[in-house]
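Okay, here's what each chain looks like letter by letter:
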Protein chains: 2
Amino acid sequence: MLHDPAQLDLMFQALADPARRQMVDRLSRGPASVSQLAEPLAMSLSAVVQHLNLLEASGLVRTQKIGRVRTCQIEPKALRAAEHWINERRLSWERRLDRLGDFLAQTKDEN
Amino acid sequence: MLHDPAQLDLMFQALADPARRQMVDRLSRGPASVSQLAEPLAMSLSAVVQHLNLLEASGLVRTQKIGRVRTCQIEPKALRAAEHWINERRLSWERRLDRLGDFLAQTKDEN
DNA sequence: ACAATAGTTAAGCAAATGCTTCAGTGTTGA
DNA sequence: TCAACACTGAAGCATTTGCTTAACTATTGT
């Protein structure tokens, strides 16, 4: 369910915004509340909540509310899924280049 | 210059669109002309060119025009930069979890 | 009890995005 | 030479995005 294209879509969409990437970056150093996430960002708390909801919908961040504070953490599995998509494409390209190199080396040998 | 935040921004932005990811996916299997990229997509050639320009501006794709055909290829270095950003954050989180695990194991020993 | 805290929700708005169509440009094969 | 081909660029338009403010709910410390 992590590799389903709709989820992947949400993830890349989520990562496309600088503010959201900054939030992910902050969370990579440990859990944080909404206010803590908001603190370094030059926007209203409300805007941060909206970004956070998107991050959560994408699966990149998981949150739980205890009392009045919502604590957020990264979901490494989701990050890995995005990472994996890119990696597959890059490897596919690089393998192709390798085969091409082999072929050229071989045809050169045949001279 | 690949890790400069503005370029990273363009890359993630570029990857956020499904059509553009489909184009990257196609290019991961080998070079293609604009028309070839357009073929599986349900949109005008003009729209494809606009997507392609964005991909090129982001550094993810390199193109060269010979005669009347523009040939496109993936730039694996750029893909690697995006991959790297995600990887760093995930590792940072996972290392933190490991340290936490060690700490918990140790305090348990002390009983 | 009540004020401060922590977050949520809705409405509204300007700017950005993802198209479309249409009118080009330059290239190539017959 | 000239028609088909492979794009390219500008204008326009509907939708989405990323905010804002303002009004609200629920929790906590005193």
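Preceding block: the structure.
These numbers were taken from a predicted model, which means no experiment stands behind them.

With 54 residues, the main nonpolar core has L60 of chain A together with L60 of chain B as its most contacted residues. Ignoring sequence-local partners within four residues, the contact set of L60 of chain A consists of M11, A14, L15, L55, Q73, I74, E75, A78 and L79 of chain A.

Turning our eyes to something else, we now look at the protein's contact with DNA strand D. Near DNA strand D lie 21 residues; those nearest to it are S44, H51 and R68 of chain A together with S35 and S46 of chain B. Atoms of DNA strand D within 4 Å of the protein: sugar and phosphate make up 69%, bases the balance. Side-chain polar atom of D17 of chain A to a phosphate oxygen of DNA strand D: 3.2 Å apart, as the coordinates give it. Take R68 of chain B: an N or O atom from its side chain is 2.9 Å from a base oxygen of DNA strand D. Taken together, the elements giving at least two residues each to the surface near DNA strand D come down to α4 (45-58) of chain A together with α3 (34-38), α4 (45-58) and β3 (69-74) of chain B. In terms of residue count, the dominant contributor to the surface near DNA strand D is α4 of chain A (four residues). Across the surface near DNA strand D, the residue classes tally to six nonpolar, nine polar and six charged.

Turning to the relation of the copies chain B and chain A, a few remarks are in order. Between chain B and chain A, the superposition needs a rotation of 180° and an axial shift of 0.0 Å, giving an RMSD of 0.0 Å. This pairing of chains is accounted for by a two-fold axis. It is E83 of chain B whose C-alpha, among those of chain B, lies nearest the rotation axis, at 2.7 Å. Of the residues that chain B buries at the interface, 100% are likewise interface residues in chain A, meaning the two copies contact each other through the same surface.

In the vicinity of DNA strand C lie 21 residues, with S35, S46 and R68 of chain A together with S44 and H51 of chain B positioned nearest. Put simply, 65% of the atoms of DNA strand C that lie within 4 Å of the protein are in sugar or phosphate. The contact in question runs from a phosphate oxygen of DNA strand C to an N or O atom on the side chain of D17 of chain B, over 3.2 Å. Note that a phosphate oxygen of DNA strand C is positioned 2.7 Å from one of the side-chain N or O atoms of H51 of chain B. When contributions to the surface near DNA strand C are tallied by element, the ones reaching two or more residues are α3 (34-38), α4 and β3 (69-74) of chain A together with α4 of chain B. Tallied by class, residues from the surface near DNA strand C come to six nonpolar, nine polar and six charged.

Let us now look at the pattern of salt bridges. Residue and element names in this part refer to chain B. Enumeration over the complete set of coordinates arrives at 16 salt bridges over all chains. For D25, the salt bridge goes to R29, with nearest N and O atoms at 2.7 Å. By relative accessible area, which is 53% here, R29 ends up exposed. With a shortest N-O distance of 3.0 Å, E94 and R90 are connected by a salt bridge. Taken as a pair, E94 and R90 lie in helix α5 (residues 76-109) at a separation of four residues, close to a single helical turn. For R90, a relative accessible area of 8% translates into the label buried.

Take the packing of aromatic side chains next. Residues and elements named next belong to chain A. Inspection of every chain in the model, using the stated rule, returns two aromatic pairs over all chains. Each ring, one from F12 and one from W85, has its centre 5.7 Å from the other, and the planes form 75°; the classification is edge-to-face. Placement of F12 in helix α1 (residues 5-15) and of W85 in helix α5 (residues 76-109) is noted, with a sequence separation of 73 residues between them. Each member of the pair, F12 as well as W85, is classed as buried. Just above the ring of W93 sits the side chain of R96; from NZ or CZ to the centre is 5.2 Å.

Reading the values: rules and limits
- Residues numbered from 1 in each chain as written.
- Chains lettered and ligands numbered in written order.
- Predicted model: local features only at pLDDT ≥ 70, side-chain atom pairs only at ≥ 80, totals over all residues.
- Heavy atoms only, no water.
- Core = buried A, V, L, I, M, F, W, Y, C linked by side-chain atoms within 4.5 Å.
- Buried < 20%, exposed > 50% of the residue type's maximum accessible area, 1.4 Å probe, protein only.
- Contact = heavy atoms within 4.5 Å.
- Near = heavy atom within 4 Å.
- Polar contact = N/O pair within 3.5 Å; in protein donor to acceptor, adjacent residues only side chain to side chain.
- Helix = DSSP H or I, 4+ residues; strand = E, 2+ residues; numbered from the N terminus.
- Nonpolar A, V, L, I, M, F, W, Y, C, P; charged D, E, K, R; others polar.
- Least-squares fit on C-alpha atoms with pLDDT ≥ 70 in both.
- Salt bridge = Lys/Arg side-chain N within 4 Å of Asp/Glu carboxyl O.
- Phe/Tyr/Trp six-rings, centres within 6.5 Å; stacked < 30°, edge-to-face > 60°.
- Lys NZ or Arg CZ within 6 Å of the ring centre and 35° of its normal.

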